[in-house]
Amino acid sequence: MAELERGGWTAAQTRAQFGAIAWLRWRIMCNGYRRKGGVGEMVGMVLLSVLFLGMVLAFVVGAGFAAYFFVAKGHLAWITWLLWGIFLLCQLLNIQLGQPTTTFDPTQLIRFPLKVETYVGIRLFFGLLTPANVAGTLTSLSVAVGIGVAAPRLWVYALIAMAVFAATNVLFSRMIFAWVDRWLSTRRAREVFTAIIFMGSLGIQWANFTFNPAYNHNHRTHAYAVSQQRFGFVGPLIARAQPWLKPLPPELASSSLTKANQASVVGFAGYTVAASLWAGLFLLVFALRMRTEFRGENLSDGASVVARKTTKALRVSGGTAVAPVSVAAVGTTAAAANEFAVAGGARVWAVIEAVLNKEILYVRRNTGILYGLVMPIFLVLIFAGKFATRSSTGSIWVFPVAVAYTLLAICPLSYNSLGMETTGAQFYFMAPVRMRDILLAKNLLGSAMAGVEIVLIFVIVSYMAGVPSLQTAVAAIFWAVGTLAVNMIFGNQRSITSPKKMDLQKAMRRQASQVSGLIAMAVLMVSSGVAAGIFFLCFWLHALWALVPIFAVFAAVGVGFYLQSLKTIDRFALDHREELLLELCKAA
Amino acid sequence: MAPAIAAHALTRSFDGFTAVDHIDLAVEPGQFFGFLGPNGAGKSTTIKMLTGLLAPTSGSIQILGQDLFYNPVEVKRLIGVVPEGMALFGKLTAREYLLFVGRMYGLEKVTAEARSTELLEFMGLADQGKKLIADYSHGMGKKLALAAAVIHGPKVLFLDEPFEGVDAIAANTLKTMLQSMIARGATIFLTSHVLEIVERLCSHIAIINRGHIVANESLDELRAGVQARLTPGAEGDPQARITLEQIFLNVVGGEAGETAHPEQELTWLS
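Since we're looking at a predicted model, the values are computed, not measured. (Residues numbered from 1 in each chain as written. Chains lettered and ligands numbered in written order. Predicted model: local features only at pLDDT ≥ 70, side-chain atom pairs only at ≥ 80, totals over all residues. Heavy atoms only, no water.)

## Brief notes about the overall build of chain A
Phase 1: From N to C terminus, chain A includes 22 helices and 2 strands.
Phase 2: As presented, chain A carries roughly 29,800 Å² of accessible surface, and 71% of it is formed by carbon and sulfur atoms. (Helix = DSSP H or I, 4+ residues; strand = E, 2+ residues; numbered from the N terminus. Areas by Shrake-Rupley, 256 points an atom, 1.4 Å probe, with all protein chains shown as cover.)

## What to know about the overall build of chain B
Phase 1: Along its length, chain B carries 9 helices and 10 strands.
Phase 2: Within chain B, the fraction of its 270 residues that count as buried is 54%.
Phase 3: Accessible area for chain B stands at about 11,000 Å²; split by element, carbon and sulfur atoms hold 53% of it. (Buried < 20%, exposed > 50% of the residue type's maximum accessible area, 1.4 Å probe, protein only.)

## Observations concerning the sheet that holds strand S4 (residues 58-63) of chain B
All names here are of chain B.
Phase 1: A sheet is described by the order of its strands in space; here 4 strands give the open sequence S2-S1-S4-S5, paired in antiparallel fashion. The two strands at the open ends of the sheet, each matched to only one other strand, are strand S2 (17-27) and strand S5 (66-67).
Phase 2: Helix H1 (residues 43-50) contacts strand S1 (5-14), S2 and S4 of the sheet and is inclined by roughly 120° relative to S1. (Pairing = 2+ DSSP bridges. Contact = heavy atoms within 4.5 Å. Axes fitted to C-alpha atoms, helices over the stretch in contact; angles between N-to-C directions.)

## Some thoughts on the packing of aromatic side chains
Phase 1: A complete count under the given rule lists 20 aromatic pairs over all chains for this structure.
Phase 2: Here Phe427 of chain A and Tyr105 of chain B contribute two aromatic rings whose centre-to-centre distance is 5.8 Å and whose plane-to-plane angle is 75°, an arrangement assigned as edge-to-face. Remark: Tyr105 of chain B occurs in the loop between helix H3 (94-104) and helix H4 (109-123) and Phe427 of chain A occurs in helix H17 (residues 425-430); the pair is interchain, linking two chains.
Phase 3: Linked through ring pairs, Phe427 and Tyr428 of chain A together with Phe89, Tyr97, Phe100 and Tyr105 of chain B together constitute an aromatic cluster.
Phase 4: Note that Arg289 of chain A overlies the ring of Trp179 of chain A, its terminal NZ or CZ placed 4.8 Å from the centroid. (Phe/Tyr/Trp six-rings, centres within 6.5 Å; stacked < 30°, edge-to-face > 60°. Lys NZ or Arg CZ within 6 Å of the ring centre and 35° of its normal.)

## Digging into the nonpolar core
Phase 1: Phe427 of chain A together with Tyr97, Met104, Leu144, Phe158 and Phe189 of chain B are the most contacted members of the largest nonpolar core, which totals 162 residues.
Phase 2: Top contributing element to this core by residue count: helix H18 (residues 435-465) of chain A, with 13 residues. (Core = buried A, V, L, I, M, F, W, Y, C linked by side-chain atoms within 4.5 Å.)

## Remarks on the pairing of strand S3 (residues 32-36) of chain B
Residues and elements named next belong to chain B.
Phase 1: Burial analysis of S3 places 5 of its 5 residues in the buried class, the great majority of the element.
Phase 2: Both faces of S3 are covered, namely the face carrying Phe32, Gly34 and Leu36 and the face carrying Phe33 and Phe35.
Phase 3: Summarising the sheet, S3 and strand S8 (residues 187-191) pair through 3 bridges and their orientation is parallel. Following the sheet pairing, Phe32 is matched in S8 by Ile188.
Phase 4: Note: S3 against strand S9 (residues 204-209), 4 bridges, orientation parallel. Looking at S9, one finds that Phe33 is bridged to His204.

## A look at a nonpolar patch on the surface
All names here are of chain A.
Phase 1: A surface patch of nonpolar side chains, amounting to about 580 Å² of accessible area, comprises Val134, Leu138, Leu141, Trp155, Val156, Leu159 and Ile160.
Phase 2: Counting only elements with at least two residues in the nonpolar patch, the list comes to helix H6 (131-150) and helix H7 (155-183).
Phase 3: Among the elements that take part in the nonpolar patch, H7 stands out by supplying 4 residues, more than any other.
Phase 4: Here Leu138 is to be found in helix H6. (Patch = residues over 30% accessible without salt bridge, like charges linked within 9 Å, V, L, I, M, F, W, Y side chains within 5 Å. Salt bridge = Lys/Arg side-chain N within 4 Å of Asp/Glu carboxyl O.)

## So, the pairing of S8 of chain B
Residue and element names in this part refer to chain B.
Phase 1: With 5 of 5 residues buried, S8 lies mostly within the body of the structure.
Phase 2: Burial along S8 is two-sided: the residues Thr187, Phe189 and Thr191 and Ile188 and Leu190 are all buried.
Phase 3: Here 5 bridges tie strand S7 (residues 156-160) to S8, and the two strands are oriented parallel to one another. By the bridge assignment for S8, Asp160 is matched with Thr191.

## Considering the packing of H4 of chain B against helix H5 (residues 138-150) of chain B
Residues and elements named next belong to chain B.
Phase 1: For the pair H4 and H5, interaxial distance at closest approach is 10 Å and the crossing angle is 145°. The crossing of H4 and H5 is right-handed. In this structure, H4 contributes Leu119, Leu120 and Met123 to the contact, and H5 contributes Lys143, Leu144, Leu146, Ala147 and Val150.
Phase 2: A class-by-class count of the residues in the contact of H4 with H5 yields 7 nonpolar, no polar and 1 charged. (Left-handed = near helix turned anticlockwise from the far one by under 90°. Nonpolar A, V, L, I, M, F, W, Y, C, P; charged D, E, K, R; others polar.)

## Brief notes about the packing of H7 of chain A against helix H12 (residues 265-294) of chain A
Residue and element names in this part refer to chain A.
Phase 1: At their nearest, the axes of H7 and H12 sit 8 Å apart, and the two run at 20° to each other. By the angle between their axes, H7 is roughly parallel relative to H12. Here H7 and H12 pass one another in a crossing that is left-handed.
Phase 2: Its residues assigned to classes, the contact of H7 with H12 shows 19 nonpolar, 3 polar and 3 charged. (Parallel < 35°, antiparallel > 145°, perpendicular 65-115°, else oblique.)

## Points about the environment of Trp349 of chain A
Phase 1: You can see Trp349 of chain A is positioned in helix H14 (residues 344-364).
Phase 2: Along the sequence, Trp349 of chain A and Asp437 of chain A sit 88 residues apart, while their C-alpha atoms lie 8.4 Å from each other.

## Structural notes on the sheet that holds strand S10 (residues 212-218) of chain B
Residues and elements named next belong to chain B.
Phase 1: Taken in spatial order, the 6 strands make up an open sheet running S6-S7-S8-S3-S9-S10, and their pairing is mixed. Looking along the sheet, the strands with just one partner apiece sit at the ends: strand S6 (79-82) and S10. Averaged over all pairs of adjacent strands, the angle between strand axes in this sheet comes to 15°, irrespective of strand direction.
Phase 2: Two strands pair when backbone bridges link them, and S6 and S7 are joined in this way by 4 bridges, in the parallel orientation. Paired with Val81 across the strands is Phe158, a residue of S7.
Phase 3: The strands touched by helix H8 (residues 219-230) are S9 and S10; relative to S10, the strand with the most contacts, the crossing angle is about 110°.

## Thoughts on unusual backbone geometry
Residues and elements named next belong to chain B.
Phase 1: Located in the positive-phi region is Ala9, a residue other than glycine, with phi close to 50°.
Phase 2: Take Ala9: it is sitting in strand S1.
Phase 3: Despite not being glycine, Ala87 has its phi angle at roughly 55°, a positive value.
Phase 4: Its location among the elements puts Ala87 in the loop between S6 and H3.

## Thoughts on the confidence of the model for chain B
Phase 1: With 92% of its residues at a pLDDT of 70 or more, chain B shows a mean pLDDT of 87.
Phase 2: The ipTM value of the predicted complex is 0.73, and its pTM value is 0.67. (pLDDT = per-residue confidence, 0-100.)

## Things to note about H3 of chain B
Helical periodicity: at 3.6 residues per turn, an α-helix aligns residues three or four positions apart in one direction.
Residue and element names in this part refer to chain B.
Phase 1: With respect to burial, H3 is a largely interior element, 8 of its 11 residues being buried.
Phase 2: Of the residues making up H3, those classed as buried are Ala94, Tyr97, Leu98, Phe100, Val101, Gly102, Arg103 and Met104.
Phase 3: Just beyond H3, the residue with positive phi is Gly106, at close to 85°.

## Observations concerning H8 of chain B
All names here are of chain B.
Phase 1: Look at H8: 16 Å from first C-alpha to last across 12 residues, which is about the 16 Å you get at 1.5 Å a residue.
Phase 2: Regarding H8, the residues found buried are Leu219, Leu222, Arg223, Val226 and Gln227. For H8, the arc enclosing every buried residue in end-on projection is 125°, short of the 170-degree limit, so these residues lie on one face. Away from its buried face by more than 90 degrees, H8 exposes Asp220 and Arg229. (Expected span 1.5 Å × (residues − 1). Arc of directions from axis to C-beta.)

## With respect to the environment of Thr45 of chain B
Residues and elements named next belong to chain B.
Phase 1: Structurally, Thr45 can be placed in helix H1.
Phase 2: Taking the relative accessible area as the measure of exposure, Thr45 reaches 14% and is therefore buried.
Phase 3: Taking C-alpha positions, Thr45 is 9.9 Å from Ser13, a pair spaced 32 residues apart along the chain.
Phase 4: Ignoring sequence-local partners within four residues, the contact set of Thr45 consists of Arg12, Phe14, Ala19, Val20 and Leu54.

Following this line, the structure appears as structure tokens:
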């Protein structure tokens, strides 16, 4: 304390704080990979990062070429659409990939001796490094390069305009996400927001399949004509909205380039300053939010509970608290044993029923899982008709392909069965139940959901593409049963050895082990590949009758192995309970 | 009559570090047993082993004469536990959670429902309606965890810091409830850092330090022993009655030689 009083806060100390936070984030990430299974997680992360990097690079290079093409062909104004695309992509990626607070809660930093400016700076600086912001900034710079190559006299202007545009983009996302955190501070708001995002995502998928020429080879198809009729208003609508879009950053950046192209330096400067003002405004709104956060607001659901007056359950008489009711439940005489009215085999079913009830409540309250269940049905609804009309044999494959696609959503669920229980998983080791029954109940729910999905898909495919042949349908169902069973064998083991604590408070965060996700995908792909081979072989040999017995055997073998795996799962769970509970009971 | 809890040569090692080292425990039926120790002494590790949450490296555990390793399901029917992490299910409401726990312990649905209602009233959680457990405060979570631990009428109750974060009124109610359980023949194994509570509730105390049991007696015997050491000849003098805190400091401090010297201080603190 004496040192603190000796002098004021120095810039070196502020730099040290930035360094300390960078180090903290680095250590948290490294330590995350040190635990058991961490190497696998790292491999998964590297693989996904490479995949993501490839996609980003393709987009960055594509944007650069597009900018070059527009300028070279004399359509500089078209850059506007490119900039709107970058802007939207940046925001969508930020939603999909999450914000940089996944490693620790940055609001905890307010307990340290930080100045408000430093706090704002820290929150801003560490938010710049999200994959989405990096991708957006690189794409903007790529556009500048494209313009500079096509019109070398514009390269300085392009660089300045794109740098300002990138700044507005990044600051906008930082501002929005800071406020989103505020708006989503309650569970209900998070659920509504997640639902909106998912609905938006479904809408985009629908629009993509409906309007993308890649899915509409024949432009004169009825569907396309209907679409043209229904959505013909979009073009004029955009034209009418154009004047309102003019003052926004993508339009301003584009206009500044147009002015530069017309050799109007003043015009360029005016539009660039206007775009910079947007950046300043976003920064200001972001800083205001951070200042409130810095002052220590409490936004949790629990905070609002404190304010609510609750009915007193305890009667206080003469200064002594008295329980309002006698709790017969805690009578612990020998008679208590008789109250376990459910015994033997019925007891197993009672456990399964209890877990099933609980799981149904969890699924009902988890927007993410519900979305995962609705998504395949929705996409099959879009796809089925289109693919069935591609060829005369199309309808044969639609149902099996749709079933395989559905399993893509269902199978990963069994790979982190205990993730949502968090500390509740301890209960399964404290209660007189067997892990076999717990996992069986969870798997039964997964199978039931798959069953409902397959029935719905059958109805959709039958309506959109014609009723599948009995052989194909039965064979596909047998394949699904076998594949589900195999996946559940792996899934149950991974649920115990590599669980991932799922944070119920964070709707937009990654919620499963990457390695488990890859294993689920691999099992499904191998199974689908082999099944497709068998389908083609039988089709080629004109022996479709053989499909049903082949896949019936596969299903029987799969279920057999699954039941066998359940026999040893109790011992397996006991042997791995420490790593399981360590992960699920760890502090957030 | 078999002890309610019996542990023999119980040991648990983690990567070469022995957290609990060959401890023996025998808790008689009907005892309110306090299990104390400084941070990192091995309390939670022991309670986790006694309740089946952690496998011992060696040693045996019997609950009411049944071996925990060979009859885990039977043993777990007899016990109730409030573990360190409370073992709650965040996406359920309190009522749903208690119903679930009741069913998992094999109670009939009607019984589980009736007891859930009664327990929620008793714990002052009945008015929380549709609120999810994830939105509960820490103290409310503790009360719910305790409710869940007793819903099946356990004969042996393990409580790991049950009063942490619970308000004074609720804590008083809970203490009354626990004492009534003892009166009806239950056994309670309690760990807490609040020594006043342990002193008020427990008849027997064991103290663990660095993985070893350093004291295991009735509170009166423990008090008499320490008092004799501190003030020889004052054993029967009620005026000189020492507190559990003094006993604890004497036993643990004396054992570990860790009592801070008055001259030892942090020089930079004003």
